[in-house]
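Descriptive structure summary
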Amino acid sequence: MEENLKRKTTKALVWSTADKLGQQLFYLVAGIILARQLSPEDYGKVGVLTIFIALSGILIDSGFSSALIRKKEATQADYSTVFYVNVAISCVLYGLLYAAAPYIAVFFKVPDLIYICRILFLVIPLNALSLIQQTLLLKHFKLSVSARVNLWSLGIASVVAIAMAYGGMGVWSLVAQTLGLSFFRAVFFWVFNDWRPRWIFRMASLREFFGYSSNLVVSGIINNVFNKIYPIIIGKFYGMTQTGYYTQADKYQDIAFFAYQQYIPFGRFPCFLEGARRFATVETDLPEECTGHRIFHFSYHAVDGRRFVSAHIDHVERAMGSVRAVFPLALFFGNMLSVYYFVFRFVQ
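Residues numbered from 1 in each chain as written. Predicted model: local features only at pLDDT ≥ 70, side-chain atom pairs only at ≥ 80, totals over all residues. Heavy atoms only, no water.

**A closer look at the packing of aromatic side chains**
Between two aromatic rings, the relevant description is the distance of the centres plus the angle of the planes. The line we're drawing: To pair, rings of Phe, Tyr and Trp, with the six-membered ring standing in for Trp, must have centres within 6.5 Å; the planes then decide the type, stacked if under 30 degrees apart, edge-to-face if over 60, and tilted in the middle. For helices the rule is a DSSP run of H or I covering at least 4 residues; for strands it is a run of E covering at least 2, with both sets numbered from the N terminus onward. Each residue gets one of three labels from its accessible area relative to the maximum for its type: buried under 20%, exposed over 50%, partly exposed in between, using a 1.4 Å probe on protein chains only. Think of it as a cone above the ring: NZ of Lys or CZ of Arg counts as a charge over the ring if it is within 6 Å of the ring centre and within 35 degrees of the ring normal.
For the coordinates displayed, the defined rule picks out 11 aromatic pairs. Ring geometry for Y230 versus Y246: centroids 6.3 Å apart, planes at 70°, classification edge-to-face. You can see Y230 sitting in helix α11 (residues 203-238) and its partner Y246 sitting in helix α12 (residues 240-281), a full 16 residues away along the chain. On the basis of relative accessible area, Y246 is assigned to the buried category, the value being 13%. Of the aromatic side chains, those joined through ring pairs into one cluster are F83, Y84, W190, W195 and W199. A cation sits over an aromatic face here: R118 above Y98, 4.2 Å from the ring centre.

As structure tokens, this is what we get:
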């Protein structure tokens, strides 16, 4: 049993690593090619809108994906209910942002943003359509499918964007890359996953998940506001060109740092919960240690499995949410940002 969990954990970490690292490399290569055809202003126009997409994603998911993964015996009613809530919230948010597009354009004094907003924000309902499929794959350790879907989708979207950029489409090539990625991911996740929603809606499921998910929503919003607010400030006071330089420099810095930071929790969360359930439910004498895989500078370590999981898992998750919310403040002072700024200037 323990060896099987270790194999699952190792496989999940390998595929989540390949997924995140592969995406970052795709973005790097495509970004270098696109940078030779597009202006910094084009990047700035898209960059100032990322916060709206990021916050919408958090509100749509509302922490329900983590709650579904955390629930051992999630039912078809649970999945269907969350699916309909995701789609409904995404449609409402898209409608609000569609109506707000003229005001966003006025705020930044860029008339083109009206049309860019209304097309780019279509990623919001597209992303909502595949959230449950992604959750099921993650919960059942099928990260190889998720990795293939993400990499194929990003590859196709990047090729389309590069073709449009060389065709003189300008900022619309960046819109196409983002929109194409969401579209192809939604299609592939539906194709490679057998789950389909049923006509079931259960309010009890929402009440059950809300207590856990609400904490994740708050920490996620704070985290993304800190991470995404800078392009808005720069765009408002310094214009789209400087915003473009900043967003691209920040993206290249992310490739070097966030690829290392983010892929570990992605694959480890379902593995940790699976181990938690086993330690918490087995009645016989078991070792009081649960070994977790760590990568790079992480070493094997032991924690008191049964008592830790049963008594403190909620507190740990909430505390880690607070840490993740505060941590982005430190990123603002990263001294590598200026280096990547000049790299991007040189590519131009």
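On we go.
**What about the confidence of the model for the chain?**
Defined as follows: One number per residue, pLDDT, summarises how confident the predictor is, and it ranges from 0 to 100. Any two residues whose heavy atoms approach within 4.5 Å at even a single point are treated as in contact.
Of all residues in the chain, 70% have pLDDT values of 70 or greater, and the mean over the chain is 75. Long-range and interchain partners of residues 259-268, a stretch whose pLDDT sits below 50, account for 27 contacts in this model, where long-range means more than four residues apart. Segment residues 279-348 is flagged for pLDDT under 50; beyond a separation of four residues in sequence, or across chains, it makes 105 contacts in the model.

**Side note on the packing of helix α3 (residues 50-61) against α11**
Put simply, the test is: In this analysis an axis means a line fitted to C-alpha atoms, helices contributing only their contacting stretch, and an angle means the value between N-to-C directions, from 0 to 180 degrees. Small angles under 35 degrees read as roughly parallel and large ones over 145 as roughly antiparallel, with 65 to 115 read as roughly perpendicular and the rest as oblique. Charged means Asp, Glu, Lys or Arg here, nonpolar means Ala, Val, Leu, Ile, Met, Phe, Trp, Tyr, Cys or Pro, and polar covers whatever is left, Gly included.
Where α3 contacts α11, the axes come no closer than 9 Å and their chain directions differ by 175°. In terms of their interaxial angle, α3 and α11 are classed as roughly antiparallel. In contact with T50, I51, A54, L55, I58 and L59 of α3, α11 contributes V217, G220, I221, N224, V225, K228, I229 and I232. Split into classes, the residues belonging to the contact of α3 with α11 amount to 10 nonpolar, three polar and one charged.

**What to know about the pattern of salt bridges**
Rule in force here: By definition, a salt bridge exists where a carboxyl oxygen of Asp or Glu is found within 4 Å of a side-chain nitrogen of Lys or Arg.
With the rule as written, the count across this model stands at five salt bridges. Here K45 and E41 are joined by a salt bridge, their closest N and O atoms 3.9 Å apart. You can see K45 and its partner E41 sitting in helix α2 (residues 40-47), four residues apart, about one turn around the helix. In this structure E41 comes out as partly exposed when scored by relative accessible area, which is 35%. Residues joined by salt bridges that share partners form a network here, namely K71, D78, R202 and E208.

**Details of α2**
Counting buried positions along α2 gives seven out of eight residues, so the element sits mostly inside the fold. Within α2, burial applies to P40, D42, Y43, G44, K45, V46 and G47.

**Quick look at unusual backbone geometry**
Negative phi characterises most residues that are not glycine, and trans characterises most peptide bonds. You will see that K109, though not glycine, has its phi angle at about 60°, which is positive. With respect to the helices and strands, K109 occurs in the loop between α5 (76-108) and α6 (113-120). The exposure class of K109 is exposed, given its relative accessible area of 70%.

**Observations regarding the packing of α6 against helix α10 (residues 171-191)**
Helix-helix packing: each pair is described by the crossing angle between the helix axes and the interaxial distance. For clarity, the cut-off: Helix crossings are classified by the rotation of the near helix relative to the far one: an anticlockwise turn of less than a right angle makes the crossing left-handed, while a clockwise turn makes it right-handed.
Where α6 meets α10, the axes come as close as 10 Å, and the angle between the chain directions of the two elements is 15°. Compared by their axis directions, α6 and α10 come out roughly parallel. Here the hand of the crossing between α6 and α10 comes out right-handed. Residue-level inspection shows Y115, I116, I119 and L120 of α6 in contact with α10, the latter providing V171, W172, V175, T178 and L179.

**Some details on the nonpolar core**
What counts here: As used here, the term nonpolar core means buried Ala, Val, Leu, Ile, Met, Phe, Trp, Tyr and Cys residues forming a set that is joined through side-chain atoms within 4.5 Å.
Within the largest apolar cluster, 37 residues are counted, with the highest numbers of intra-cluster contacts made by L34, L49, I104, F108, L113, C117 and F121. For this core, the secondary structure elements donating two or more residues are α1 (2-35), α2, α3, α5, α6, α7 (123-128), α9 (143-166) and α10. Element by element, the count of residues in this core is highest for α5, at seven residues. Excluding residues that lie within four positions of it along the chain, F108 makes contacts with V48, L113, I232, G235, K236 and M240. If you look at the next biggest cluster of nonpolar residues, it comprises 15 residues, including F64, A67, V82 and V85.

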